[in-house]
Amino acid sequence: MLFGPRKFRKILIANRGEIACRIIWACKEMGIKTVAVHSEADRDSLHVRFADESVCIGAAPSAQSYLNIPAVISAAEITNVDGIHPGYGFLAESSYFAEICEACNIKFIGPRSSVIRLMGDKVEARRTMKEAGVPILPGSPEPIQSLDEAMAIVGEIGFPVIIKAAAGGGGRGMRIVREESELEHALETASNEALSAFKNGDVYIERYIERPRHIEIQVMADEHGHVVHLGERDCSIQRRHQKLLEEAPSPALTPELRRQMGEVAIAACQRVGYSNAGTIEFLLDEDGRFYFMEMNTRIQVEHPVTEMVTLADIVRNQIRVAEGEELAYTQEDVIIVGHAIECRINAEHPDTFAPSPGLITAFNIPGGPGVRVDTAIYPGYFVPPYYDSMIAKLIVHARTRELAIMRMRRALESMVIEGIKTTIPLHLRIMDDPQFQSGQYSTKFMEQFIERRNGNGGSAAGARA
Ligand code: MV4
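Residues numbered from 1 in each chain as written. Predicted model: local features only at pLDDT ≥ 70, side-chain atom pairs only at ≥ 80, totals over all residues. Heavy atoms only, no water.

1. With respect to the sheet that holds strand 2 (residues 33–39)
Then, in step 1: Strand order in the open sheet made by the five strands is 3-2-1-4-5, with parallel pairing throughout. In the strand order of this sheet, the two ends are held by strand 3 (53–58) and strand 5 (107–108), each with one partner.
Then, in step 2: Across the sheet, helix 1 (residues 17–30) lies against strand 1 (10–13), strand 2 and strand 4 (83–85), angled at about 170° from strand 1, the strand it touches most. (Pairing = 2+ DSSP bridges. Helix = DSSP H or I, 4+ residues; strand = E, 2+ residues; numbered from the N terminus. Contact = heavy atoms within 4.5 Å. Axes fitted to C-alpha atoms, helices over the stretch in contact; angles between N-to-C directions.)

Here's what the structure looks like:
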């Protein structure tokens, strides 16, 4: 299997929920057999029902099941699979897991373990991107070793700055610092938070962008050096670093900016010998300048909006390039048509965001033109309390952004989930929000949206906004 084309006969899906189903759907269309792994809490899950085989790999908590590398590898050995698709979350960005797969001669459906490791170190990732000619924010070239060193960096780049964890990503261990008096304390708390969250207390400093948009470029690369980009997604609508809604294309990009960001993303991939699906995250400032933030070396939750506007089947592409096939399309073949929006439907209270696990007593799945629902729930399913609260993704596609918003409203209205609380009412309010409709929003959108709803009568946050 080390040389020549690998054709997959059977793939193990090291995940659960909608993404496990999404991968099984792709395998079925490709004539590839599937193995589901599941925890004791997931015996009645759809991914288990739809896979050709299934193996229970441990108790409900993910540390004992979906994160249990020996259990996953044992399941792969017992069922004699050729490859493992990790989905997102869990082991998807564990360079150690990818390395074990490589050592066991089981194809990890993703980039090489060394590339996952490189991109997992945010300081190394910044250095690599700078070398590749990718714009990065001014900041520290190495982890910060002392307050003096931090002072020297801040002397060069000025306030405000943001302190980030070298092993971080996704917002944990971050501190915004606006004046010198806060710097020492912020460094210490950020480092301590990083140490307890990632077992690595290294932190670095960057210039802080106040009202950025979070724009990410989807890339697809084969193992023969071909890289294409599939345009961008705008992921600025998030709360506490959890994305709520994504759209493609971004209302903020011009064709010229899209071309530039795409070119830069391809250069970044070529520099590291990237293969499989990946995402380069950028911050876009109010003057239209963009800067590398981090690279995600996995399939992402929001990949369907890209699939809708490009007609690419990203999961199928992942499997084909992992077989050693060349990419079946070039950059010229990628055409972006229309506009797609994804709403993440979470089992949460729409106002407090408090988790709402429990029995689903009724479920109506919206349909009709331009509507896609990726989910693993069904009437009678019990949403367990152990995992992420996302239970469905509602994706719409239409000719224009305005039409996509109207389509999303009507799809949300016919998406009925009874028995638990969901974020459907929140998404309906976002669709009706004039600022969302204008397309002129930043990563601060949700904060301001929640404040508008609560009324900003005299609150400190209200006074600042
Ligand atoms: C930033 C930033 C502004 N300037 N970096 C958020 C998640 C992680 N991937 C990095 N993030 C950010 N990095 C610089 N140099 C703004 C964010 C950011 C953010 C920061 C604090 C609070 C909420 C935020 C929401 C989105 C993005």
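2. A word on the sheet that holds strand 8 (residues 203–207)
Then, in step 1: With antiparallel pairing, the three strands of this open sheet are ordered in space as 7-6-8. The outermost strands of the open sheet, each flanked by one partner alone, are strand 7 (175–177) and strand 8. Neighbour-to-neighbour, the strand axes of the sheet open up by a mean angle of 25°, direction not taken into account.
Then, in step 2: Two elements, strand 6 (residues 161–165) and strand 7, share three bridges in a ladder whose sense is antiparallel. Of the residues in strand 7, the one forming a bridge with Ile163 is Arg175.
Then, in step 3: Those strands touched by helix 6 (residues 122–131) are strand 6 and strand 8, and its axis lies near 45° from that of strand 8.
Then, in step 4: Of the strands in this sheet, strand 6, strand 7 and strand 8 are in contact with helix 8 (residues 180–198), which crosses strand 7 at around 170°.

3. Some words on the packing of helix 13 (residues 424–431) against helix 15 (residues 445–454)
Then, in step 1: At a closest axis distance of 12 Å, the pairing of helix 13 and helix 15 adopts a crossing angle of 95°. Considering their axes alone, helix 13 and helix 15 lie roughly perpendicular with respect to each other. Residue-level contacts link Leu426, Arg429 and Ile430 of helix 13 to Phe445, Met446, Phe449 and Arg453 of helix 15.
Then, in step 2: A breakdown of the residues in the contact of helix 13 with helix 15 according to their chemical character gives five nonpolar, no polar and two charged. (Parallel < 35°, antiparallel > 145°, perpendicular 65-115°, else oblique. Nonpolar A, V, L, I, M, F, W, Y, C, P; charged D, E, K, R; others polar.)

4. Examining the packing of helix 7 (residues 147–157) against helix 8
Angle between the axes and distance between the axes: these two values describe a pair of packed helices.
Then, in step 1: Taken N-terminus to C-terminus, the directions of helix 7 and helix 8 make an angle of 135°; their axes are 11 Å apart at the nearest point. Looking at the two axes, helix 7 sits oblique to helix 8. As for how helix 7 packs across helix 8, the hand of that crossing is right-handed. Contact residues: Leu147, Ala150, Met151 and Val154 in helix 7; Glu180, Leu183, Glu184 and Leu187 in helix 8.
Then, in step 2: Considering only residue class, the contact of helix 7 with helix 8 consists of six nonpolar, no polar and two charged. (Left-handed = near helix turned anticlockwise from the far one by under 90°.)

5. Quick notes on the pattern of salt bridges
Then, in step 1: Per the counting criterion, the structure on display carries 39 salt bridges.
Then, in step 2: Across the pair Glu216 and Lys243 runs a salt bridge whose closest N-O atoms are separated by 3.1 Å. Linking Glu216 in strand 9 (residues 213–221) with Lys243 in strand 11 (residues 242–248), this pair joins segments that are 27 residues apart in sequence. Side by side, Glu216 and Lys243 carry an identical accessibility label, which is buried.
Then, in step 3: Note that Glu413 and Arg409 form a salt bridge whose closest N and O atoms lie 3.1 Å from each other. Taken together, the residues Glu413 and Arg409, both in helix 12 (residues 401–414) and four residues apart, mark about one turn of the helix.
Then, in step 4: Since its relative accessible area comes to 49%, Glu413 is described here as partly exposed.
Then, in step 5: Arg409 sits in the partly exposed class, given a relative accessible area of 21%. (Salt bridge = Lys/Arg side-chain N within 4 Å of Asp/Glu carboxyl O. Buried < 20%, exposed > 50% of the residue type's maximum accessible area, 1.4 Å probe, protein only.)

6. Digging into the side chain of Thr375
Then, in step 1: Checked against the element boundaries, Thr375 lands in strand 17 (residues 371–375).
Then, in step 2: Looking at Thr375, its side chain comes within polar contact range of the main-chain nitrogen of Ile377, at 3.2 Å.
Then, in step 3: Polar contacts involving the side chain of Thr375 include one to the main-chain carbonyl oxygen of Ile391, which spans 2.6 Å. (Polar contact = N/O pair within 3.5 Å; in protein donor to acceptor, adjacent residues only side chain to side chain.)

7. Quick word on the pairing of strand 8
Then, in step 1: Most of strand 8 is tucked away: four of the five residues are buried.
Then, in step 2: When strand 6 meets strand 8, the two strands line up antiparallel, connected through five bridges. In the strand pairing of strand 8, Ala165 is matched with Val203.

8. Observations regarding empty space enclosed by the protein
Then, in step 1: The final tally for this structure, using the stated rule, is one cavity of 30 Å³ or more.
Then, in step 2: The calculated volume of the largest cavity comes to roughly 40 Å³.
Then, in step 3: Forming the boundary of the largest cavity are 13 residues, of which Ile109, Gly110, Thr297, Arg298 and Ile299 lie nearest the centre.
Then, in step 4: Here the residues of the lining of the largest cavity sort into seven nonpolar, five polar and one charged.
Then, in step 5: Structurally, the lining of the largest cavity is a two-domain feature, drawing no fewer than three residues from each of domain 1 (10–109) and domain 3 (213–463). (1 Å grid on protein atoms, 1.4 Å probe; cavity = no way out; pocket = protein on both sides within 12 Å on 5 of 7 lines; lining within 4 Å. Points joined across faces, edges and corners; volume = space filled by probe spheres on them. Domains from an automatic or database assignment.)

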